[in-house]
Amino acid sequence: MNSIKDNDASTNYNAKPTPSAHVQPIDLIIPADFAGLRLDQALARLLPHWSRSRLQSWIEAHHVLIDGCIGTVKQKVWGNECVLLAPPSLASNSCHSAEPIGLTIIHEDDTLIVINKPVGLVTHPGNGNWQGTLLNALLHHSPQLEQVPRAGIVHRLDKDTSGLLVVAKTLTAQTHLVRQLQQHTVQREYLAAVLGLVKLDGMVDAPIGRHPVHRTKMAVTARGKPARTHYHVIERFQNCSLLACSLETGRTHQIRVHMHSIGHPLIGDPVYGSKVKVARSGIDEAITNFSRQALHAQKLTLTHPITGLRVSWKAEIPEDMKNLLDVLRQHSIEDC
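Small disclaimer: the values here were computed from a predicted structure and weren't measured.

## Here's the deal with the overall build of the protein chain
When helices and strands are tallied, the protein chain shows 8 helices and 16 strands. In the protein chain, which comprises 336 residues, the proportion classed as buried is 49%. Relative to all contacts within the protein chain whose residues are 6 or more apart in sequence, the contacts with residues 24 or more apart total 68%. For the protein chain, the accessible area works out to roughly 16500 Å², and carbon and sulfur atoms hold 50% of it.

Next up, the structure:
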């Protein structure tokens, strides 16, 4: 059952940061197939939610013991070594305040929180959005998330993309979920309303990186990271299409960039959109007035970190996309 925590009219966005959080020491056994790796490389694989540079700094600061001795960044591991990692206080969460921001929670247990993120909510502080984010809301909802890097956030949605996000409540769960994302076993399905008639289902397999000129944008570029987006045509309208998109990878703005690259930008996309003429004025008005990218993360499937079972959740389409689709369906093309 969904639980909804309404916004508090007396929200204090100037709350003082909460005290620094301390992470409990972590015991690890180096897997045998890691033989020959440097210690920092092995830890980066075992603890992917922390950056390699951060792990290196902890090793250099003597926060890592290997078989009871102080570890060094470049020392080799050969398998079955006992590693004790005692991280210092995490500043990444403690510098952010807990704020009573409303969350629509689809599911919560001792391990996970699944949230239906609304349009307009930034996932993580940064780039001028230092308050009023999902991370701030999570720290208020579950104060124990101070002890988990990035308050348990393992993947993001753009500010104006709605839909499902999973948050880990423990370090163990976060590590498990990050590995699933790396292995592409987390299934994420999006609804995307795009410009133009998409004739066939397909896949975009094109690397994504920073735009060579406009550095705030992403683009298909040979120097980018591998990215694959599958798409299936659900409905066709008058010069518009509704697609179900699924991700093999999770690059920044992936669906938006990939759809733009094949000539079908998302309706309303302020960054990657384009002016495409439509045949009927009613559709034209609906498209012109839609003020954000028409993208909704509607389904999320993953392996539960504790039970090992495959679990799945769905989120209703938000009202603005419902209204857009109602107009588009007045000019539907029945050939899907």
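## Concerning the side chain of S241
The topology assignment puts S241 in strand β14 (residues 240-247). There is a polar contact of 2.8 Å between the side chain of S241 and the backbone oxygen of G196.

## Here we look at the pattern of salt bridges
On inspection of all chains with the given rule, the structure shows 10 salt bridges. The closest approach of N and O atoms between R292 and D320, which form a salt bridge, is 2.9 Å. Within this pair, whereas R292 is found in the loop between α7 (281-289) and β15 (295-303), its partner D320 is found in helix α8 (residues 319-329), the two being separated by 28 residues in sequence. Residue R292 is classed as buried on the basis of its relative accessible area of 3%. Overlapping salt bridges, with partners in common, bring together R38, D40 and R52 in one network.

## Remarks on the sheet that holds strand β4 (residues 69-70)
Taken in spatial order, the 4 strands line up as β2-β5-β3-β4 in an open sheet, and their pairing is antiparallel. With one partner strand each, in any of the chains shown, β2 (26-29) and β4 form the two edges of the open sheet. Relative to strand β5 (residues 82-85), strand β3 (residues 64-66) is paired through 3 bridges, and the arrangement is antiparallel. Bridge assignment links L65 to a residue of β5, and that residue is L84.

## Comments concerning helix α6 (residues 254-261)
Of all 8 residues in α6, 6 are buried; the element is thus mostly enclosed. Considered for burial, the residues of α6 that qualify are Q254, I255, R256, V257, H258 and M259. Phi turns positive one or two residues past the end of α6, at G263, with a value near 85°.

## Re helix α2 (residues 52-60)
Listing the buried residues of α2 in full gives L55, W58 and I59. In a view along the axis of α2, the buried residues occupy a sector of 100°, so they form one face of it. More than 90 degrees from the buried face of α2, the exposed residues found are S53 and E60. Tucked into the core, α2 has its buried residues touching α1 (39-46), β3 and β5. Immediately beyond the C-terminal end of α2, within one or two residues, lies H62, with a positive phi of roughly 65°.

## Remarks on the side chain of Q293
Checked against the element boundaries, Q293 lands in the loop between α7 and β15. Its relative accessible area of 3% is what places Q293 among the buried residues. Looking at Q293, its side chain comes within polar contact range of the side chain of T161, at 3.1 Å.

## A look at the nonpolar core
Residues L134, L138, L145, Y190, L243, I255 and M259 are the most contacted members of the largest nonpolar core, which totals 35 residues. Judged by nonpolar contacts, the second largest core, of 21 residues, contains F34, L39, I59 and L85.

## Quick look at the packing of aromatic side chains
Enumeration according to the criterion identifies 1 aromatic pair in this entry. Across the ring face of F34, the terminal group of R45 is positioned such that the distance to the ring centre comes to 5.6 Å.

## A word on the pairing of β5
Every second residue of β5 is oriented toward a common face, the buried set being V83 and L85 and the non-buried set C82 and L84. Judged from the 4 bridges that link them, β2 and β5 form a sheet pairing that is antiparallel. Considered in β5, the bridge of L28 is made with V83.

## Thoughts on the confidence of the model for the protein chain
Chain-level statistics for the protein chain give a pLDDT mean of 86 and a share of 87% at 70 or above. Low pLDDT (under 50) marks residues 1-22, which in the prediction has 45 contacts with non-local residues, meaning those over four places away or in another chain.

## Remarks on unusual backbone geometry
Within the chain, N239 stands out as a residue other than glycine whose phi angle is a positive 65°. Accessibility expressed as a relative area gives 22% for N239, which makes it partly exposed. At H253, a position not held by glycine, the phi torsion is positive, near 60°. Here H253 shows up in the loop between β14 and α6.

## Description of the environment of S261
Relative to the helices and strands, S261 resides in helix α6. Dropping the residues within four chain positions of it, S261 is found in contact with V204 and V220. At a separation of 2.6 Å, a polar atom in the side chain of S261 contacts the main-chain carbonyl oxygen of H258.

Procedures and definitions
Residues numbered from 1 in each chain as written. Predicted model: local features only at pLDDT ≥ 70, side-chain atom pairs only at ≥ 80, totals over all residues. Heavy atoms only, no water. Helix = DSSP H or I, 4+ residues; strand = E, 2+ residues; numbered from the N terminus. Buried < 20%, exposed > 50% of the residue type's maximum accessible area, 1.4 Å probe, protein only. Contact = heavy atoms within 4.5 Å. Areas by Shrake-Rupley, 256 points an atom, 1.4 Å probe, with all protein chains shown as cover. Polar contact = N/O pair within 3.5 Å; in protein donor to acceptor, adjacent residues only side chain to side chain. Salt bridge = Lys/Arg side-chain N within 4 Å of Asp/Glu carboxyl O. Pairing = 2+ DSSP bridges. Arc of directions from axis to C-beta. Core = buried A, V, L, I, M, F, W, Y, C linked by side-chain atoms within 4.5 Å. Phe/Tyr/Trp six-rings, centres within 6.5 Å; stacked < 30°, edge-to-face > 60°. Lys NZ or Arg CZ within 6 Å of the ring centre and 35° of its normal. pLDDT = per-residue confidence, 0-100.

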